[in-house]
Amino acid sequence: MPTRPLRITLEDPASLQTGENHRLAVIRFGAATAVSDADPREVTIGLPPLDGPPRVEIWRAPRVDETGFMDGIGYARTPDVLFGRLLITEPMSMAGAAEAAYLRLIAFHRGLGYDHLLRTWNYFPDIHAADDGDAGSMLDRYQAFCVGRHRALVATGYDETALPAATAIGSQGDGLLVYFLAARAPGEQIENPRQVSAFRYPAEYGPQSPSFSRATLKRWDGERPHLYISGTASIVGHASVHVEDCLKQLDEIVENLRAIVEAANARLAPEQHIDGPGGLGLLKVYLREPAHVAAVRERLTQLVGTRVPVLFLRGDVCRRDLWVEIEGLHAGTA
Ligand code: 3EB
């Protein structure tokens, strides 16, 4: 009988002052990306919180077997799942940094026997700047990131049916931060019928299509299923829509989240269904323009209600014409 896997909540930072030992990860949000040399479970993402009381994201598990550092990767694990994080600050092209990060993290999670990546988060600064690594290349750093990530996935034999859900957002502070959740047993890839799968985007968005799935559905024995939803933008088919209008982008995002939850529910028994985007355990909203936060908060409340905890962060969506993106986590929280 597997133990309960993990649960992810947003909390007052004061709750970290107790010395409890059940933490798998602690995700903080601040002015600059940083990792802790003292605690392998801690990361700070350079995404300034925009609104509301201070919050940390805490991943807890009933039993954390081991925490440590290996090959520069901080990690913590339970019998079922592995959290890991790495920060690459060496000067390299973006493609080189992404390739190095993914080669290392894939060797690492497989080496410990957690063979299945469920979810990854990717943050790096200057996401729209020209990639300075490949002389003469016309790629921006996000497009170069996609090239490097894909190279590592190909080199390690990753099949597109095994791609994890992901977030990739422009942050503040040095380096490429990647953190991830892997498991002993696979999840189920969920795509969005309103959108072309990202790994099949046409070349107009970059020479290498982005390697991620729209969501991972993960069932656990004796637990409500988890759903880890990728960063979701105002994209229909493969095109950005409502490019001049943040609130219309928000409406479209909520429709995309609804479609993803429906696609997951179609795999689940009725008593396990998630009650739409407002029934998720946590939403993270990434906004390009801090001044939009009040209007976005108000409209989001109209669309999804007040039950779901929401965190607003300042970050850059990878397409210049998109101003807002939302990820959803449903991990033992609702
Ligand atoms: C999109 O749907 C928006 O490259 O890992 C969202 C989530 C986006 C993850 C990634 C990119 C990524 O294409 C951008």
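You'll find the structure just up there.
Residues numbered from 1 in each chain as written. Predicted model: local features only at pLDDT ≥ 70, side-chain atom pairs only at ≥ 80, totals over all residues. Heavy atoms only, no water.

Colleague: Lay out the environment of Ile235 in plain terms, naming residues and giving numbers.
Modeller: Along the polypeptide, Ile235 turns up in strand β15 (residues 235-236). Take Ile235: its relative accessible area is 6%, and that puts it in the buried class. The sequence separation of Ile235 and Asn256 amounts to 21 residues, and the corresponding C-alpha distance is 8.3 Å. (Helix = DSSP H or I, 4+ residues; strand = E, 2+ residues; numbered from the N terminus. Buried < 20%, exposed > 50% of the residue type's maximum accessible area, 1.4 Å probe, protein only.)

Colleague: Describe helix α2 (residues 141-155), with residues and values.
Modeller: Look at α2: 21 Å from first C-alpha to last across 15 residues, which is about the 21 Å you get at 1.5 Å a residue. Counting buried residues along α2, eleven of its 15 residues qualify, which places the element largely inside the surrounding structure. Elements in contact with the buried residues of α2: α1 (94-111), β9 (116-124), β10 (165-170) and β11 (176-183). Of the residues that open α2, the one with a side-chain oxygen 3.0 Å from the backbone nitrogen of Tyr142 is Asp140. Just downstream of α2, Gly157 is the residue with a positive phi angle, here 75 degrees. (Expected span 1.5 Å × (residues − 1). Contact = heavy atoms within 4.5 Å. Polar contact = N/O pair within 3.5 Å; in protein donor to acceptor, adjacent residues only side chain to side chain.)

Colleague: Quick rundown of the packing of aromatic side chains? Include the residues and the values.
Modeller: Under the criterion given, the structure shown has 13 aromatic pairs. Plain terms: the ring middles of Phe108 and Phe180 are 6.4 Å apart, the flat faces sit at 70 degrees to each other, and that makes the pair edge-to-face. Here Phe180 lies in strand β11 and Phe108 lies in helix α1, a separation of 72 residues in the sequence. When the ring of Trp121 is compared with that of Tyr179, the centres are 4.7 Å apart and the planes differ by 10 degrees; the resulting orientation is stacked. (Phe/Tyr/Trp six-rings, centres within 6.5 Å; stacked < 30°, edge-to-face > 60°.)

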